[in-house]
Amino acid sequence: MSETNPTIRTGAPQKPATLIRQIGVVSATALVVSNMIGQGIFTTTGFLAGDLGSPELVLGIWLVGAIVALAGAFCYSELGINFPSSGGEYVYLTRAYGPTWGFMTGWISFFAGFSAPIAAASLAFAGYLGHFWPSLHPDHPTWTIGSGPFSLRLGGAQLVATALIALFTVLNFFGVGLIARIQNALTAIKLLVIGSFMLLGLLAGTGSWDHFSQSAVRTSPYPLIGQFAISLFWIYVAYSGWNAPTYVAEEIRRPERTLPVSLALGTLLVAAVFLGLNVVYIYAVPLEVMKGELAVGALAATRLFGPEVAGTFSLLMAVSLVATVNAMVTIGPRVYYAMAQNRAFFRAAAYVHPRWRTPVNAILAQGVCAALMSMTSFPNLIIYIGFSLTFFAVLSVASLFVFRRRPGWQKLRVVSFAWPLVPALFILVGAVTIAYGVTLEWRVSLAAVTTITAGALVYHFRFRPRQGDDAGDPT
């Protein structure tokens, strides 16, 4: 008679929960679209109006941003098909330059790559609600602590932003499958709202093509070429998100096909939308009237359709910003998860809930940081994000010059065309923008540099003594 061995039933160790591949082309493209179409296109043009003062320059800088973003998307596609692991820049920089740089890009992703953009999108959401309740506008805080670029604000806008961040932080606990379905629905609403706004605005709105020949008095103290470079930070933040699928590559089906298709398709679609929306904005409102306006979409809708219809569009645009918040809340924790799995980040970030299969600790930490960052000034937040992300994106694209010398590297035809034109374009524009940022916006740039330096110190004292410079292969 056989006897059951209790060690077979109870003693076998269980493998920790891991991520699973369940994101296809549609969902990956939706992540690109939702990340890119956010607070940038709904807020930036009002600030550009005063900084640049010319309709031609405003449209021109959006076109430059589209070309640079597409070049970056092509380069990241090649990186992604060779390293189909979650983590994005963390994976690429670790493999190219070593774990110190990999850790720093993950560190920056936590602060400037996701937490700060989540805060900015949530503040923009509150700004659009300010069309109905002026006390919710970010420029009307109840309390202000300090002055200048490092002041802290607390009021209705910050409370609304924090509530929105908390909602999607909790929803993201319950699995990527659920959140992908929510994301697809929100993205569809976003595209429907934007498409209707552009079509009805040009066909039925009370705008004027004469606005394209009317300049505005510049409010910037900087020379035009320097301000154009600084304004590229705003444009870079608006276009950021074209690399979104690379952060969840470990959960993407057939990454060798899905990554290039979703990156290119999403970026081209969004570039067309951004240029179209700016045409509608200027058609609706002269630049002089638009100057300094945060909720530029609400202002344009009021001019095109009147206050009653404008209220509907303002509300729908606010809902569109919700999709951006959700997408970034979803993507960011996968970077910290990938790093922690490789023992290059705080161990708690690697924990995956056994039932929901999500990195719940990483999601929660990001939500808390984003809520705190919502208390900062919106313009300074954008420049801080733009400086930090541009720096590490330039390093990532530059890594192609390292990887392409290695045997077995898979080369994309579009990147190989007129090599090294595509990566060189991205690197050149990024380097010029960073140089002007350090020169003209040195206080905010200093905050970004301080964050980067802090990451290097944390790695050196917390992680490097334990694993060494040659450890930590993220793939």
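Before going into details, it helps to say that this report is about the structure given with it. The residue numbering used here restarts from 1 in each chain and proceeds along that chain's sequence as written. Under the rules for a predicted model, residues below a pLDDT of 70 receive no local features and side-chain atom pairs below 80 are neither given nor counted, while totals for whole chains, interfaces and linings still include all residues. Hydrogens and water are ignored here; the side-chain numbers use all heavy atoms of the structure.

A few points about the packing of aromatic side chains
Any two aromatic rings considered together are summarised by their centre-to-centre distance and by the angle between their planes. Defined as follows: Any Phe, Tyr or Trp ring, taking Trp's six-membered ring, that has another such ring centre within 6.5 Å forms a pair; planes under 30 degrees apart are called stacked, those over 60 apart edge-to-face, and the others tilted. Secondary structure elements follow DSSP: runs of H or I no shorter than four residues count as helices, runs of E no shorter than two count as strands, and numbering proceeds from the N terminus. When a residue's accessible area, from a 1.4 Å probe over protein chains only, is under 20% of the maximum for its type it is buried; when over 50% it is exposed; and in between it is partly exposed.
Within this structure, the stated rule accounts for 27 aromatic pairs. Ring geometry for Phe233 and Phe387: centres 6.0 Å apart, planes at 50 degrees, overall tilted. Of this pair, Phe233 sits in helix H9 (residues 224-239) while Phe387 is found in helix H16 (residues 378-398), placing the two residues 154 residues apart along the sequence. Given a relative accessible area of 0%, Phe233 falls into the buried group.

Notes on the nonpolar core
Quick note on the threshold: Within this scheme, the nonpolar core is defined by two criteria: the residues are buried Ala, Val, Leu, Ile, Met, Phe, Trp, Tyr or Cys, and they are joined through side-chain atoms within 4.5 Å. Two residues qualify as a contact provided that any one of their heavy atoms is within 4.5 Å of a heavy atom in the partner residue.
Formed by 149 residues in total, the largest nonpolar core has its most connected members in Trp62 and Phe197. Per element, the largest residue contribution to this core is 18 residues, and it comes from helix H6 (residues 99-129). Other than its neighbours up to four places away in sequence, Trp62 contacts Gly40, Ile41, Thr44, Thr45, Leu48, Ile235, Ala238, Tyr239, Phe274, Leu275 and Asn278.

Remarks on the environment of Ala216
Structurally, the position occupied by Ala216 is in the loop between helix H8 (176-204) and H9. Taking the C-alpha atoms as reference points, Ala216 and Lys291, separated by 75 residues in sequence, lie 8.0 Å from one another. Discounting residues that sit within four places of it in the chain, Ala216 has contacts with Ala49, Gly53, Leu287, Glu288 and Lys291.

Let's talk about the side chain of Asn172
Note the following rule: Any pair of nitrogen or oxygen atoms within 3.5 Å is treated as a polar contact; in protein, a donor-acceptor pairing is required on top of that, and neighbouring residues in sequence qualify only through side-chain atoms on both sides.
Following the sequence through the fold, Asn172 ends up in the loop between helix H7 (156-171) and H8. There is a polar contact of 2.8 Å between the side chain of Asn172 and the side chain of Thr330. Contact partners of Asn172, with chain neighbours within four places excluded, come to Ile179, Asn326, Val329, Thr330, Thr358 and Ile363.

Thoughts on the pattern of salt bridges
Side chains that carry opposite charge are capable of pairing whenever their charged atoms lie near each other. In plain terms, the rule: Within this document, salt bridges are pairs made up of a side-chain nitrogen of Lys or Arg and a carboxyl oxygen of Asp or Glu, the two lying within 4 Å of each other.
Considering all chains together, one arrives at 2 salt bridges under this definition. Across the pair Arg404 and Glu78 runs a salt bridge whose closest N-O atoms are separated by 2.8 Å. Linking Arg404 in the loop between helix H17 (400-403) and helix H18 (413-416) with Glu78 in helix H4 (residues 55-82), this pair joins segments that are 326 residues apart in sequence. Of the residues examined, Arg404 reaches a relative accessible area of 13% and is grouped as buried. Take Glu78: its relative accessible area is 0%, and that puts it in the buried class.

A closer look at the layout of surface pockets
The criterion, for reference: Here a cavity denotes grid points, spaced 1 Å and computed from the protein atoms alone, that fit a 1.4 Å probe unable to get out, and a pocket denotes an open set having protein on both sides within 12 Å along at least 5 of 7 lines; residues with an atom within 4 Å of a point are the lining. Grid points are joined across faces, edges and corners, and a volume is the space filled by probe spheres set on the points. Three classes are used, and their members are as follows: Ala, Val, Leu, Ile, Met, Phe, Trp, Tyr, Cys and Pro are nonpolar, Asp, Glu, Lys and Arg are charged, and the others, Gly among them, are polar.
Estimated volume of the largest pocket: approximately 340 Å³. Together, 21 residues line the largest pocket, and Asp51, Tyr222, Gln227, Ile383 and Glu441 are the ones closest to its centre. Element by element, the count of residues in the lining of the largest pocket is highest for helix H3 (residues 39-52), at 4 residues. Tallied by class, the residues present in the lining of the largest pocket amount to 11 nonpolar, 7 polar and 3 charged.

Some words on the packing of helix H14 (residues 307-341) against helix H15 (residues 360-373)
Note the threshold: Axes, fitted as lines to C-alpha atoms, cover a helix only where it is in contact. Angles between the N-to-C directions of the axes lie from 0 to 180 degrees. Here roughly perpendicular refers to angles of 65 to 115 degrees, roughly parallel to angles under 35, roughly antiparallel to angles over 145, and oblique to all remaining angles. When the near helix sits turned anticlockwise from the far one by under a right angle, the crossing is termed left-handed; a clockwise turn instead gives a right-handed crossing.
The geometry of H14 relative to H15 is characterised by a closest axis approach of 8 Å and an angle of 120 degrees between their N-to-C directions. Of the possible angle classes, the one that applies to H14 and H15 is oblique. Crossing geometry of H14 relative to H15 is assigned as right-handed. When H14 is examined against H15, the residues Met328, Val329, Gly332, Pro333, Arg334 and Tyr336 are found in contact with a partner set consisting of Ala362, Ile363 and Gln366. Its residues assigned to classes, the contact of H14 with H15 shows 6 nonpolar, 2 polar and 1 charged.

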